[in-house]
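# Structural description and commentary
If you want the building blocks of each chain, they are given just below.
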Amino acid sequence: MTQTLISLQNMKMVPVPEKAYGTFFEGDCYIILHTKRTSRGSAVDLHYWIGKDSSQDEQGAAALYVTQLDNALRGNPVQHREVQGHESETFQSYFRNGIIYKKGGVASGFKHVETNMYNIKRLLHVKGKKHVSATEVALSWDSFNKGDVFLLDLGKVLIQWNGPNCSIAERTRGLALARSIRDSERGGRAQIGIIDNEKDSPDLMQIMKMVLGERRGELRDAIPDEKADELQMRTFACAELFTSVFSVLSQDCYILDQGGFKIYVWRGKASSLEEKKAAFTRAVGFIQAKGYPSSTNVEVINDGAESAMFKQLFQRWTEKNETQGLGKVYTTGKIAKVEQVKFDTTQLHARPELAAEQRMVDDASGEIEVWRIEDLQMQPVNPKTYGQFYGGDCYLVLYTYLRSGRPHYVLYMWQGRHASVDEITACALNAIELDKKYGDEAVQVRVTMGKEPTHFLAIFKGKLVIYEGGTSRAQKSTPEPAIRLFQVRGTDEMNTKATEVPPRASSLNSNDVFLLTTRQVCYLWCGKGCSGDEREMAKVVADIVSKGDKHTILEGQEPAEFWEALGGKAPYASEKRFQEQITHYQPRLFECSNQTGRFIMTEVVGFCQEDLDEDDVMLLDTWEEIFLWVGKASNTYERTESIASAKEYLKTHPAGRDLATPIILVKQGYEPLNFTGWFNAWDPYKWSVSCWKSPVVCTRAQRCLKGVTVSEHILCGAWNEILL
């Protein structure tokens, strides 16, 4: 990953020293070129940033330079227009320690601060939990409020004042920013002091009073985060452009309006040079015509270089010769099968990214316990029938496996398509009680009938059978059907499933193996497109669904009795199947929080493990499943609302997501491999300190009070850097 920051000085581009990255003068404009490696090469983003006090000439020059740079890079970059205080999540993710806004600009004689400059006196107002911004404000107590963090920068001393109502996350981010200033601007020579409680820090308060004077009156209440409400549920606002035009009209440029939240300009390969140059100008004109705020983000995208965020706004986006997973290749031609290369499950622990990609927490060699919900209570299922699920029932499946010598748990809640609402509710309530029995450590997975995840298939070793209706209870109200038809898919015991379908000829498909069971015989019907591995796995399933004689028949060689059992011949799917998949889906992380007084979901771009906030619930979308990561300090309301929001997220997704997509509940400190694999350099010991709710003694500093929690210790650990 590389990054270049350029400022505009007298209408010319001047490189900014790397140590000054993240600091922006409000009177200037900047250009940022960001390049990162991807599985398909590299992705290039080109941003131009507009300070609130910059001139129209500077803004126009910045847009022109961005166009010239785009031409020099052959149209590969995704271009962004950023406005101070309203930067995109992508832009903010480049500056992990925060963004600092400084008054003035080059025209006023200001320069980017140089290392080891100590003749400084300024007050920074720090806001934000995930992405921090610090704005230079007046050196006065009037600038303070109860809910934010403030940094008094005196050159050799940095004093962090934490408002009484600010969160642990905000304090931690403020400290990270203070350390960044110390290390990048002061060569590590400045010292940091922290005020959590003014009464406990009389020496530091004396310094602040010397600079700011005596405080008169009460502090103002916390200032609400304006962006929070602005972004609420606008991630997938309707686009005002039919998406099909992009696939056929490459000679033009188009504007896509994401509900006023963001404006995209798509430039076709054959569009004219004049149209390409006018992209930003037309976008700004569109914003003005719509009456949107001037701070609305603009992203310019070239035909063939569309960003993942852009593609996700469309119901369908397919590209030629894309690959997904290990050994899967998708093309725009017709294809009978997606050939899969068998992966080595022993690599799951050594390569967590593989565990995530294959949706496997382990090699499925753990232990299983299954309960059926009967009379709203848990009833154990006979182990001899494990793997057989009926559409009229709900089941709980507890999977136990060892990792690093200690047990871990996955609790599946399987919901039959024809189960009653009471049974589904009872299934969820019993899951909570069972989870408590195992110390609230289980990963909870909601499984809708027909949408069983990969690991669920694997733990039943090729013997998973889904019956359309009925029940597995001892006393059944309806007799078993005399004729049943099962569609079998899978090539080995890790991915095989048999699903009951209507017993008629139209249910057949030339690409698969079907089992037709009657009172006397079981037919193994092998379509022309099935493989030898699929036929072998169908034989295993046949012994489960039928005790009668087995007859293997090939498509086109069926006896009359076969068609008679299906009610006669009828047309069925016989063409080669085109596997339509979402390929190269970029996982997305959202913070779910009500700390602003209203429940909101905010996306975290370029996420890492540090973005998992223990005060909140986080939603991770990996396309095939939705993870809800529950922080230990999150509240009940956040947990409840996050589940409802996950369902709403799927419902409103423009790609027409399947509402039965599994929703997996993961608890802080008990993350499975198929979750951690989506994060780069996951630290399994990050939360393994003795329970952070328990008192521990801080050994790093003499001035620290004993009995603080680990979370507070993170903050007070800076005491050994203090001046006094």
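Just above sits the structure.
All values reported here derive from a predicted model rather than from experimental measurement.

Turning our attention to helix α10 (residues 421-437). The end-to-end C-alpha distance of α10 is 25 Å, a good match for the 24 Å that 17 residues give at a rise of 1.5 Å each. Considered for burial, the residues of α10 that qualify are E423, A426, C427, N430, A431, L434 and D435. Where the residues of α10 are buried, they touch β18 (367-374), β19 (377-380), β21 (394-403), β22 (406-415), β23 (443-448) and β34 (663-667). The positive-phi residue at the C-terminal boundary of α10 is G439, with phi of around 70 degrees.

The final tally for this structure, using the stated rule, is 26 salt bridges. The salt bridge partner of D196 is R171, with a shortest N-O separation of 3.4 Å. Of this pair, D196 sits in the loop between β12 (191-195) and α4 (202-212) while R171 sits in helix α3 (residues 168-185), and the two are 25 residues apart along the sequence. What makes R171 buried here is its relative accessible area of 17%. With a shortest N-O distance of 2.9 Å, E468 and R417 are connected by a salt bridge. Remark: R417 occurs in the loop between β22 and α10 and E468 occurs in the loop between β24 (464-467) and β25 (484-489); sequence separation between them is 51 residues. Taken together, the shared-partner salt bridges in this structure form one network comprising E26, K52 and D53.

This part takes up the sheet that holds strand β26 (residues 497-501). One open sheet accounts for 7 strands, arranged β20-β24-β26-β25-β27-β28-β29; its pairing is mixed. Since the sheet does not close on itself, it has two edges, and those belong to β20 (388-390) and β29 (549-554), each with one partner. Adjacent strand axes in the sheet meet at a mean angle of 20 degrees when their direction is disregarded. Strand direction decides the pairing type here: β20 and β24, joined by 3 bridges, are parallel. Paired with F389 across the two strands is I466, which belongs to β24.

Conventions and cut-offs
Residues numbered from 1 in each chain as written. Predicted model: local features only at pLDDT ≥ 70, side-chain atom pairs only at ≥ 80, totals over all residues. Heavy atoms only, no water. Helix = DSSP H or I, 4+ residues; strand = E, 2+ residues; numbered from the N terminus. Expected span 1.5 Å × (residues − 1). Buried < 20%, exposed > 50% of the residue type's maximum accessible area, 1.4 Å probe, protein only. Contact = heavy atoms within 4.5 Å. Salt bridge = Lys/Arg side-chain N within 4 Å of Asp/Glu carboxyl O. Pairing = 2+ DSSP bridges. Axes fitted to C-alpha atoms, helices over the stretch in contact; angles between N-to-C directions.

Everything listed is a geometric property; what it means functionally is a separate question.
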